[in-house]
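A look at the structure
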Amino acid sequence: MPDTPFEVEVVRRDFPILATQVREKKLCYLDNAASTQKPRAVIDRLQEFYSRENANIHRGVHHLGELATDAYHDARKTVAKFLNAKSDKQVIFTRGTTESINLVATSWGRANLQKGDQILLTAMEHHANIVPWQLIAEQTGAVIKVIPTNDRAELDLDAYDQLLGEHTRILAICHISNSLGTLNPIKEIIAKAKAMGVTTLVDGAQGAPHLGADVQDLNCDFYAFSGHKIYGPTGIGILYGNQEIMENMPPYQGGGDMIQRVSFEKTTYKGLPERFEAGTPNIAGAAGLAAAIKYLGQFNQADIKAHESALLEYALGQLEDIDGITLYTKAVARTGVVSFNLEGVHAHDIATILDREGVAIRAGNHCTQPLMKTLGVPATARTSFALYNTKEEIDTLAASIIKARQLFK
Ligand code: PLP
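Being a predicted model, the structure only gives us computed values, none of them experimental.

Conventions and cut-offs
Residues numbered from 1 in each chain as written. Predicted model: local features only at pLDDT ≥ 70, side-chain atom pairs only at ≥ 80, totals over all residues. Heavy atoms only, no water. Domains from an automatic or database assignment. Polar contact = N/O pair within 3.5 Å; in protein donor to acceptor, adjacent residues only side chain to side chain. Helix = DSSP H or I, 4+ residues; strand = E, 2+ residues; numbered from the N terminus. Axes fitted to C-alpha atoms, helices over the stretch in contact; angles between N-to-C directions. Parallel < 35°, antiparallel > 145°, perpendicular 65-115°, else oblique. Left-handed = near helix turned anticlockwise from the far one by under 90°. Contact = heavy atoms within 4.5 Å. Nonpolar A, V, L, I, M, F, W, Y, C, P; charged D, E, K, R; others polar. Pairing = 2+ DSSP bridges. Buried < 20%, exposed > 50% of the residue type's maximum accessible area, 1.4 Å probe, protein only. Near = heavy atom within 4 Å. Areas by Shrake-Rupley, 256 points an atom, 1.4 Å probe, with all protein chains shown as cover. Salt bridge = Lys/Arg side-chain N within 4 Å of Asp/Glu carboxyl O.

All right, on to the domain arrangement of the protein then. Split by domain assignment, the protein resolves into domain 1 (8-30 + 300-407) and domain 2 (44-297). Relative to domain 2, the C-alpha centre of domain 1 lies at a distance of 28 Å. The interface formed by domain 1 and domain 2 contains 16 residue pairs in polar contact (both at pLDDT 80 or more). Of all the secondary-structure elements, those providing two or more residues to the side of domain 1 that touches domain 2 are helix 12 (301-319), strand 14 (337-342) and helix 14 (369-375). By residue number, the principal contributor to the side of domain 1 that touches domain 2 is helix 14, which donates six residues.

Now the structure itself:
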């Protein structure tokens, strides 16, 4: 049970990097949608693994091999519990959200898509939830359809109802938009798709860190997220999948650890989860991700959510009156992100000027070029929050934006 009260100043002390200075200014890290910082618990876990447990898994009968295998299996159990998956067999370790989605698009897509089938995406997807589907569409003759957004950058649910049809085979949708912070009503959206027999995938890269994920409650077939966006290491990610569907999917990659028997005549494969984990995995990464999930688990999720929502609303309030600003985060249901532009200043220049003040934000298209086209801009400046951010940091952000505006006036 979560039993640590959520106090942001205490939480900040768990993240060593937050005490560092940037250009002699206090670091104000507001680029969390790109990657979060790591608590001491994760850093220590990586060090402990490499100092005391490191070996390959499943192969050696020696002591270290057993320790590493245990660490890897325990990590899978921790992730399964975090996702409320029925079985840890449903949890596949990947390199990140991108690889998780590529796995589904390639393996599920090859087995299930044919000419004329439809893949339903949304206008706010990250390229990681667009390009893998384009690749499989080219190979199978399937067609991509896109749910548009309204002028608040929320999904147009009437258009969704129209697009969901007898040819729809899969719906792949983000939980939260990484560019704008729009929070999609995915449970309701998934229920409609499931009622039509459509397979569903949730890109939870931004959802899992802010809201957690209960895959049974969501009733999705696949859920993907990245370790590094949820306070864990880079190079590790998760694909959760419906067991029955995954058992009928062909392997994604071939190699060691995923086979039962190999001969030049015929090779047979292991069941879940090994079938989808060819080669030596990121063992330390898995242990580090489990440490991140345990770290988060000590707090009440609702407290983190309330803190992050309060930060977002405070930021919108602080920024909206700045001369020349355009805010793109307008959805009624939103979390984690404020995207904006300043009249007469390119987004990259805003980010460069803010960096001089120690404020780290992201500028660009955020790997959502189709969404930027809908907004009619090539890029935005994006500030994104995590559990360790504070209102004082938002004050610093607002003051730095005003400075940027004055410089270009
Ligand atoms: N999907 C969303 C919504 C994201 O925000 C990101 C990363 O920014 C990704 C997918 C890709 O994640 P990764 O680069 O960790 O694979």
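So, on to the packing of helix 4 (residues 97-112) against helix 5 (residues 131-140). Between helix 4 and helix 5, the shortest axis-to-axis distance is 9 Å and the interhelical angle comes to 20°. For the element pair helix 4 / helix 5, the angle class is roughly parallel. Crossing angle aside, the handedness with which helix 4 passes helix 5 is right-handed. Between helix 4 and helix 5, the contacting residues are I101, N102, V104, A105, T106, G109 and R110 on the first element and P132, W133, I136, Q139 and T140 on the second. Tallied by class, residues from the contact of helix 4 with helix 5 come to six nonpolar, five polar and one charged.

Taken together, seven strands build an open sheet; the order of strands is 4-10-9-8-7-5-6 and the sheet is mixed. Looking at the sheet topology across the chains shown, the edges are occupied by strand 4 (91-94) and strand 6 (143-147). Averaged over all pairs of adjacent strands, the angle between strand axes in this sheet comes to 20°, irrespective of strand direction. In terms of strand pairing, strand 5 (residues 118-122) meets strand 6 through five bridges, oriented parallel. Looking at strand 6, one finds that T122 is bridged to I147. Where helix 3 (residues 63-83) meets the sheet, it contacts strand 4, strand 9 (222-226) and strand 10 (237-241), and its direction lies at approximately 115° from that of strand 4.

Turning next to unusual backbone geometry. A negative phi angle is the norm for most residues apart from glycine, just as the trans form is the norm for most peptide bonds. Residues L272 and P273 are joined by a peptide bond in cis, for which omega reads -5°. Phi at E24 takes a positive value of approximately 60°, unusual for a residue other than glycine. With respect to the helices, strands and loops of the structure, E24 is situated in the loop between strand 1 (21-22) and strand 2 (25-26). Residue E24 is classed as exposed on the basis of its relative accessible area of 75%. In the Ramachandran plot, D257 falls in the positive-phi region, its phi being about 80° despite a non-glycine side chain. Mapped onto the elements of the fold, D257 is located in the loop between helix 10 (243-247) and strand 11 (259-261).

The next thing to look at is the site of the ligand. Neighbouring residues of the ligand: 13 residues in total, closest T98, D203, Q206, S226 and K229. Between T97 and the ligand, the recorded distance is 3.4 Å, taken from a backbone N or O atom to an oxygen atom. For the ligand, an oxygen atom lies 2.5 Å from a polar atom in the side chain of K229. Here the ligand, which alone exposes 400 Å², has 86% of that area covered by the protein. Class assignment for the residues of the shell around the ligand results in three nonpolar, eight polar and two charged.

Within the structure shown, the criterion is met by 16 salt bridges. With a closest N to O distance of 2.9 Å, D217 and K187 form a salt bridge. Of this pair, D217 sits in helix 9 (residues 215-218) while K187 sits in helix 7 (residues 186-195), and the two are 30 residues apart along the sequence. Judged by its relative accessible area of 40%, D217 is partly exposed. Across the pair K194 and D221 runs a salt bridge, and its minimum N-O distance is 2.7 Å. With K194 in helix 7 and D221 in the loop between helix 9 and strand 9, this residue pair connects regions lying 27 residues apart in the sequence. Of the residues examined, K194 reaches a relative accessible area of 29% and is grouped as partly exposed. Given a relative accessible area of 2%, D221 falls into the buried group. Residues participating in the shared-partner salt-bridge network are K25, E357 and K403.

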